[in-house]
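Examination of the molecular architecture
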Amino acid sequence: MKIFFVGDIFGNVGRRALAERLPSIIDANGIDACVGNGENVSGGRGMTKNLFRKLRKYGLNVITGGNHSFSVADNDYSFMEEPIVLRPLNYPPKNLGHGSTIFTLKDGRNIGVVNLMGRTFMHESLDCPFRMGLEEIKKLREQTPIILVDFHAEASSEKAALAFYVDGLASAVIGTHTHVQTADERILPGGTAFITDAGMTGPGSSIIGMKPEGVIKKYLLQTYVRFEPSEEGAMINGVIVDVDDNSGKAVSISRVFERVTFKGQFSDD
Ligand SMILES: [Fe+2]
């Protein structure tokens, strides 16, 4: 099974890049399933019900989250009950939604997806992603050997540690959150594909998606500054993982990094 994982989809630029490029990436690479991180799609913070519907319409089969899964102002998270939208599994359990799912393709093949969040340099009070992740992967493996993990974390060491911890049990551990694609994609000894970060689908001419002026101002003044999403330098970042259907082990992992030039107006209403 060939899986395209789309790196953090950021704001309007990321959404448009995905809408315009996803069908041709699917065709050109014979993609069977698409998973993408949508926690930044609403202006860089969170995802609304409407934007969730749009991401699904563009062709994502499963949409993962992270530290901004519950960051939108309207506070309507009812869509989190949909089985194809995930928030980190190790969030406090009373939050809406769930942290894993099994998606069934039209041909009957199943792919399990687990969404976890790191604790190093971020939410230190979360439950242990290692113990919870391992338990969940084992549970999903009773239904399918094809398991993809989106590990939304800051520290490269924590991401690599989780990947090695579940090596041979997950088909792929894909790091997200830093919005900077790393060049360390590889297959671990047990057969798990791994990359520290899949990167960002959004405005590349930015500081992790935001206009540079505001971020610099915050560093200089150490006061609250309202960040604005950049509109410049659209790109698609992600990885394609080819997984053996029977063993669930990865056959290959390759990075996708495409600059996107927009033409004319965009409307998807
Ligand atoms: Fe994040």
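Note: the structure precedes this text.
Please read all numbers here as calculations on a predicted model, not as lab measurements. (Residues numbered from 1 in each chain as written. Predicted model: local features only at pLDDT ≥ 70, side-chain atom pairs only at ≥ 80, totals over all residues. Heavy atoms only, no water.)

A few words on the layout of surface pockets. Considered as a void within the structure, the largest pocket measures approximately 770 Å³ in volume. Every residue lining the largest pocket is counted, 27 residues in all, and those nearest its centre are Gly 44, Arg 45, His 68, Met 210 and Phe 227. For the lining of the largest pocket, the class distribution of residues is 12 nonpolar, 10 polar and five charged. One number sums up the size of the second largest pocket: a volume of about 160 Å³. Every residue along the wall of the second largest pocket is listed here: Asp 32, Asn 61, Phe 103, Thr 104, Leu 105, Lys 106 and Asp 107. Considering only residue class, the lining of the second largest pocket consists of two nonpolar, two polar and three charged. (1 Å grid on protein atoms, 1.4 Å probe; cavity = no way out; pocket = protein on both sides within 12 Å on 5 of 7 lines; lining within 4 Å. Points joined across faces, edges and corners; volume = space filled by probe spheres on them. Nonpolar A, V, L, I, M, F, W, Y, C, P; charged D, E, K, R; others polar.)

Before going further, it helps to spend a moment on the coordination of the iron ion. Here the iron ion is held by the protein donor atoms Glu 39 (OE), Asn 67 (OD1), His 152 (NE2) and His 177 (ND1), which lie 2.1 to 2.2 Å from it. What the four donor atoms of the iron ion show is an angle range of 86 to 167° at the metal, which sorts the shape as irregular. Linear spacing of the donor residues for the iron ion on their chain is E-x27-N-x84-H-x24-H. Here Asn 67, found in the loop between strand 4 (62-64) and strand 5 (100-104), pairs with His 177, found in the loop between strand 8 (172-176) and strand 9 (186-187); they are 110 residues apart in sequence, far enough to count as distant. Each member of the pair, Asn 67 as well as His 177, carries the same accessibility label: buried. (Donors = N, O, S within 2.8 Å, 3.2 Å for Na, K, Ca; no water. Tetrahedral: all angles 85-135°; square planar, octahedral: opposite > 155°, others 65-115°. Helix = DSSP H or I, 4+ residues; strand = E, 2+ residues; numbered from the N terminus. Buried < 20%, exposed > 50% of the residue type's maximum accessible area, 1.4 Å probe, protein only.)

It is worth spelling out the side chain of Asn 37 at this point. Mapped onto the elements, Asn 37 comes out in strand 3 (residues 33-37). Classification of Asn 37 by relative accessible area gives buried; the value is 0%. A distance of 3.4 Å separates a polar atom in the side chain of Asn 37 from a polar atom in the side chain of His 152. Residue contacts for Asn 37: discarding those within four places in its chain leaves Phe 5, Val 6, Asp 8, Ile 9, Thr 64, Gly 65, Asp 150, His 152 and Thr 176. (Polar contact = N/O pair within 3.5 Å; in protein donor to acceptor, adjacent residues only side chain to side chain. Contact = heavy atoms within 4.5 Å.)

A separate point is the environment of Arg 16. Positionally, Arg 16 belongs in helix 1 (residues 11-29). It is 26 Å that separates the C-alpha atoms of Arg 16 and Gly 97, two residues lying 81 residues apart in sequence. Beyond its immediate sequence surroundings of up to four residues, Arg 16 is in contact with Phe 262, Lys 263, Gly 264, Gln 265 and Phe 266.

Empty pockets left among the atoms are what a rolling probe the size of a water molecule brings to light. Enumeration over the complete set of coordinates arrives at one cavity of 30 Å³ or more. For the largest cavity, the calculated volume is near 40 Å³. Lining the largest cavity, in full, are Gly 38, Glu 39, Gly 46, Met 47, Thr 64, Gly 65, His 68, Ser 69, Met 80 and Leu 86. In terms of residue class, the lining of the largest cavity is made up of three nonpolar, six polar and one charged.

Where helix 1 contacts helix 2 (residues 49-58), the two axes come as close as 9 Å, and the packing angle between them is 20°. With respect to helix 2, the element helix 1 is oriented roughly parallel. Two packed elements cross with a definite hand, and for helix 1 against helix 2 that hand is left-handed. Of the residues in helix 2, those in contact with Arg 15, Leu 18, Ala 19 and Leu 22 of helix 1 are Leu 51, Lys 54, Leu 55 and Tyr 58. By residue class, the composition of the contact of helix 1 with helix 2 is six nonpolar, no polar and two charged. (Axes fitted to C-alpha atoms, helices over the stretch in contact; angles between N-to-C directions. Parallel < 35°, antiparallel > 145°, perpendicular 65-115°, else oblique. Left-handed = near helix turned anticlockwise from the far one by under 90°.)

A contiguous nonpolar surface patch, about 560 Å² in accessible area, is contributed by Val 180, Ile 207, Ile 208, Ile 216, Leu 220 and Leu 221. With respect to the helices and strands, Val 180 occurs in the loop between strand 8 and strand 9. Looking at Val 180, the relative accessible area reads 48%, which means it is partly exposed. (Patch = residues over 30% accessible without salt bridge, like charges linked within 9 Å, V, L, I, M, F, W, Y side chains within 5 Å. Areas by Shrake-Rupley, 256 points an atom, 1.4 Å probe, with all protein chains shown as cover. Salt bridge = Lys/Arg side-chain N within 4 Å of Asp/Glu carboxyl O.)

For soluble globular proteins, nonpolar side chains are generally found buried alongside one another. Counting 52 residues, the largest nonpolar core has Phe 4, Met 47, Leu 55, Leu 60, Ile 111, Ile 174 and Val 241 as the members making the most contacts within it. It is strand 12 (residues 234-243) that provides the largest number of residues to this core, a total of six residues. In this structure, Leu 60 is in contact with Val 6, Ile 9, Leu 18, Leu 22, Cys 34, Val 35, Gly 36 and Leu 55, ignoring residues within four places of it in sequence. Among the nonpolar cores identified, the runner-up in size contains 20 residues, and Ala 153, Ala 160, Leu 162 and Val 166 belong to it. (Core = buried A, V, L, I, M, F, W, Y, C linked by side-chain atoms within 4.5 Å.)

Take the pairing of strand 7 (residues 147-152) next. Across the six residues of strand 7, six count as buried, placing the element largely inside the fold. The alternating pattern of strand 7 places Ile 147, Val 149 and Phe 151 and Leu 148, Asp 150 and His 152 on opposite faces, both of which are buried. In this fold, the crossover linking strand 6 (residues 110-117) to strand 7 by way of helix 3 (residues 129-140) has right-handed handedness. Pairing of strand 7 with strand 8 involves five bridges; the strand directions are parallel. (Right-handed = clockwise from strand over helix to strand, strands pointing away. Pairing = 2+ DSSP bridges.)

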